[in-house]
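Structural overview
In case you want the letters, here they are:
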Amino acid sequence: MKSATPTLHPGAPAPHFLLRNQHGETVDLAQLRGRPSVLMFYPFAFSRVCSAELAELNSRWSEITALGLRVCAISCDSIHTLRAYADELGGVEFDLLSDFWPHGAAAEAYGAFDAQKGCPRRETWILDDQLRLHRRVAAEFSTSRDLAEVLSAVRELRQDQAG
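Report on the accompanying structure. On a predicted model such as this, the values are computed, not experimentally measured, just so you know.

On the secondary structure map, V27 appears in strand β2 (residues 26-28). Along the primary structure V27 and T7 are separated by 20 residues, whereas in three dimensions their C-alpha atoms are 24 Å apart. With near-sequence residues (within four places) excluded, V27 lies in contact with F17, L18, L19, N21, R70, D95 and L97.

This is the structure in C-alpha cells:
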C-alpha cells in the first residue's frame, strides 16, 4: 500500500504510524503527544555510523531527559534484529522501532525512504508536543547527524512554546 510521499513542512501534522519496538510492544504516534519528540530514521542496525549515532544518544541521555524529549529510532530491521542491536549497544533508553513491514512505509511517509538502497536515509524529524513537524535534520548516508543541532532545535521549540 505505497502512496505518493506527502509534502512535509514545518507545522504540518506528523504522518501517523504504528510500529513495534525492540521488545515487541506497539508504539502508536499518538502516544508521543504531550511532549516534544524526535523521530530518528537510520539505515541499518549494526552499521558503524548508525551505532555511533545511537551510542551518542545513550551518552547524552541525561541531557535528552532534561529536555523532556521522547526519542524513537526507526529502521527497516526486524524487531528480533533490533533486540539484538539494543543488547549490543549495552541497552538503550529509547525505542528502536521496526519499519520492517510493510517495508519502509513509515520512512516513506516521512520522505526518508531510499527505494534504491531499500532503507531509510539518515533523517530526523523533530515533532512538537501536538505532533506537528517542527524541523528536519539530515546527513549523508555515510555521515553522522549532528545531535547538537537536533537538541538545539528542541530547545528552540521549547522556547517558542513557552513564549
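On to the sheet that holds strand β8 (residues 123-127), then. The strand order across the open sheet built from 7 strands is β2-β1-β5-β4-β3-β8-β9, with neighbouring strands paired in mixed fashion. Because the sheet does not close on itself, it has two edges, and the strands there are β2 and β9 (133-138). Between one strand axis and the next, the sheet turns by 30° as a mean value, whatever way the strands run. Pairing of strand β1 (residues 18-21) with β2, which is carried by 3 bridges, proceeds in the antiparallel orientation. Within β2, the residue paired with L18 across the bridge is D28. Helix-sheet contacts for helix α5 (residues 147-162) involve β3 (37-41), β8 and β9, and the interaxial angle to β9 is about 165°.

For the rest of this paragraph, the subject is the packing of aromatic side chains. If you walk through the whole model with that rule in mind, you get 6 aromatic pairs. Judged by centre distance (6.4 Å) and plane angle (75°), the rings of F44 and F141 are edge-to-face. With F44 in the loop between β3 and α1 (48-59) and F141 in the loop between β9 and α5, this residue pair connects regions lying 97 residues apart in the sequence. The exposure class of F44 is partly exposed, given its relative accessible area of 35%. Classification of F141 as partly exposed rests on a relative accessible area of 31%. Among the aromatic side chains, those forming a connected cluster through ring pairs are F17, F41 and Y110. Its guanidinium or amino end placed over the ring of F141, K117 lies 4.3 Å from that ring's centre, counting from NZ or CZ.

Let's shift gears to the environment of G118. Turning to its location among the elements, G118 is positioned in the loop between β6 (113-114) and β7 (119-120). Beyond its immediate chain neighbours, meaning those up to four positions away, G118 contacts H103 and F113.

Helix length check: α1, at 12 residues, gives a terminal C-alpha distance of 16 Å against a target of 16 Å (1.5 Å per residue), a fit within 8%. Listed in full, the buried residues belonging to α1 are V49, C50, S51, E53, L54 and L57. Packing partners of the buried residues in α1 comprise β3, α2 (61-66), β4 (70-75), α3 (79-88), β5 (95-98) and α5.

The sequence separation of F141 and P43 amounts to 98 residues, and the corresponding C-alpha distance is 7.8 Å. Discounting chain neighbours no more than four positions away, the residues touching F141 are P43, F44, K117, C119, P120 and R122.

Criteria and cut-off values
Residues numbered from 1 in each chain as written. Predicted model: local features only at pLDDT ≥ 70, side-chain atom pairs only at ≥ 80, totals over all residues. Heavy atoms only, no water. Helix = DSSP H or I, 4+ residues; strand = E, 2+ residues; numbered from the N terminus. Contact = heavy atoms within 4.5 Å. Pairing = 2+ DSSP bridges. Axes fitted to C-alpha atoms, helices over the stretch in contact; angles between N-to-C directions. Phe/Tyr/Trp six-rings, centres within 6.5 Å; stacked < 30°, edge-to-face > 60°. Buried < 20%, exposed > 50% of the residue type's maximum accessible area, 1.4 Å probe, protein only. Lys NZ or Arg CZ within 6 Å of the ring centre and 35° of its normal. Expected span 1.5 Å × (residues − 1).

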